[in-house]
Amino acid sequence: MQGSTLRMHALPASATPNMSARTGGWLQLQSGRRFWPLDPRPGDFTIEDIAHGCAHESRYGGQTPRFYGVAQHSVLVSERAEQLAHAGLCADGKCRCAQVALWGLLHDASEGLGLKDIPAPLKQSLPDYLAVERRVMQAVCEKFRLAPEEPQEVAQADGEVFATEARDLFPKRKRPAEWGGLVHPPLAYAVVPWPIPASEGRYVSRCYELTWQIEQDARSRRRTRQWWLKPRTQP
């Protein structure tokens, strides 16, 4: 599409050594970087690229009365996943709440890197697309040092936010009980779509907030471990 931020480019025959080693064509990202969706690598994209793409990618096939983007959905999932993690993971003293929250923020990151938010009824019939999505998410997890498997708190948060979106974004829906995937009750608050620039900014801010917290937690654990390993002088 003319003027699109993301455009597919075929690799030229006279590609540089770095480019010739890649599989498939590449997408132009807003940061100026090139991203190979069939050969994704952690160094090919930034959090700003993901946020920009997610903020402009609509959910539900664009059928909401007002534009509702993947970035806002991801921020809401991240916040809810963190709440669930505090109630569960932190109870045993092994708090990894920030990692869970970051996984929630990035659970649809592939949709900010040129892939699409394909509605579930169609997506499950596209095995090749799902394989590409998995590879992209592997690169995302590697870049942000996340476990490759989605935490259960993220899956639950995703389901709860989905139920809340179904209630608030589709006031004219018929037979809501027939919606596939509505296995969790909606949340107490109402979902109101954010402007695209606001959702993009909040996505980036949330990522920096969580990565900072993860680093602080790691430093705290290192200090604690060093204290326990420090030789004690006999009285």
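Before going into details, it helps to say that this report is about the structure given with it. Everything numeric in this text was worked out from a predicted model, so none of it was measured. (Residues numbered from 1 in each chain as written. Predicted model: local features only at pLDDT ≥ 70, side-chain atom pairs only at ≥ 80, totals over all residues. Heavy atoms only, no water.)

1. With respect to the overall build of the chain
Regarding its fold elements, the chain presents eight helices and three strands. Listed by position from the N terminus, the elements making up the chain come as β-α-β-β-α-α-α-α-α-α-α. Burial analysis of the chain (235 residues in total) assigns 43% to the buried set. A separation threshold of at least 6 residues defines the contact pool for the chain, and within that pool the share at least 24 residues apart is 59%. When the accessible surface of the chain is totalled, it reaches about 13,400 Å², and 55% of it is carbon and sulfur. (Helix = DSSP H or I, 4+ residues; strand = E, 2+ residues; numbered from the N terminus. Buried < 20%, exposed > 50% of the residue type's maximum accessible area, 1.4 Å probe, protein only. Contact = heavy atoms within 4.5 Å. Areas by Shrake-Rupley, 256 points an atom, 1.4 Å probe, with all protein chains shown as cover.)

2. Thoughts on helix H6 (residues 127–143)
Between the first and last C-alpha of H6 there are 25 Å, a value that for 17 residues agrees with the 24 Å anticipated at 1.5 Å per step. Within H6, burial applies to Tyr 129, Leu 130, Val 132, Glu 133, Val 136, Met 137, Ala 139, Val 140 and Cys 141. (Expected span 1.5 Å × (residues − 1).)

3. Describing helix H3 (residues 70–87)
For H3, which comprises 18 residues, the first-to-last C-alpha distance of 26 Å matches the rise-based estimate of 26 Å (1.5 Å per residue) to within 8%. With respect to burial, H3 is a largely interior element, 13 of its 18 residues being buried.

4. Examining the pattern of salt bridges
In this structure the tally under the stated criterion is twelve salt bridges. Glu 133 is the partner of Lys 123 in a salt bridge, and the nearest nitrogen-oxygen pair spans 2.7 Å. Of this pair, Lys 123 sits in helix H5 (residues 120–123) while Glu 133 sits in helix H6; the two residues are ten residues apart in sequence, bridging distant segments of the chain. Residue Lys 123 shares its accessibility class with Glu 133, and that shared class is buried. (Salt bridge = Lys/Arg side-chain N within 4 Å of Asp/Glu carboxyl O.)

5. Looking at the packing of H3 against helix H7 (residues 152–169)
Two packed helices can be described by the angle between their axes and the distance between those axes. Remark: H3 packs on H7, axes separated minimally by 8 Å, with the N-to-C direction vectors making an angle of 130°. As far as their axial angle goes, H7 and H3 are oblique. For the crossing formed where H3 meets H7, the hand is right-handed. Packed against H3, whose contacting residues are His 73, Leu 76, Val 77, Arg 80, Ala 81, Leu 84 and Ala 85, the element H7 presents Glu 153, Val 154, Gln 156, Ala 157, Asp 158, Glu 160, Val 161 and Glu 165 at the interface. In terms of residue class, the contact of H3 with H7 is made up of eight nonpolar, two polar and five charged. (Axes fitted to C-alpha atoms, helices over the stretch in contact; angles between N-to-C directions. Parallel < 35°, antiparallel > 145°, perpendicular 65-115°, else oblique. Left-handed = near helix turned anticlockwise from the far one by under 90°. Nonpolar A, V, L, I, M, F, W, Y, C, P; charged D, E, K, R; others polar.)

6. Focus on the packing of aromatic side chains
One pass over the structure, following the stated rule, counts three aromatic pairs. With a centroid separation of 6.3 Å and 20° between ring planes, the pair formed by Tyr 60 and Phe 162 is classed as stacked. Within this pair, whereas Tyr 60 is found in the loop between helix H2 (47–56) and H3, its partner Phe 162 is found in helix H7, the two being separated by 102 residues in sequence. The class for Tyr 60 is buried, based on a relative accessible area of 16%. (Phe/Tyr/Trp six-rings, centres within 6.5 Å; stacked < 30°, edge-to-face > 60°.)

7. Section: the nonpolar core
Judged by nonpolar contacts, the single largest core of 54 residues is most densely connected at Phe 45, Ile 50, Leu 102, Leu 106, Val 140, Phe 144 and Tyr 203. Elements that contribute at least two residues to this core include exactly H2, H3, helix H4 (97–106), H6, H7 and helix H8 (196–229). Discounting residues that sit within four places of it in the chain, Tyr 203 has contacts with Ile 47, Ile 50, Ala 51, Cys 54, Ala 71, Ser 74, Val 75, Leu 105, Leu 106 and Ala 109. (Core = buried A, V, L, I, M, F, W, Y, C linked by side-chain atoms within 4.5 Å.)

8. Considerations on the side chain of Arg 22
Examined against the element boundaries, Arg 22 turns out to sit in the loop between helix H1 (17–20) and strand E2 (26–28). With relative accessibility at 7%, the residue Arg 22 sits in the buried group. For Arg 22, the side chain forms a polar contact with the main-chain oxygen of Asp 39, separated by 2.6 Å. At 2.5 Å, the side chain of Arg 22 forms a polar contact with the side chain of Asp 44. (Polar contact = N/O pair within 3.5 Å; in protein donor to acceptor, adjacent residues only side chain to side chain.)

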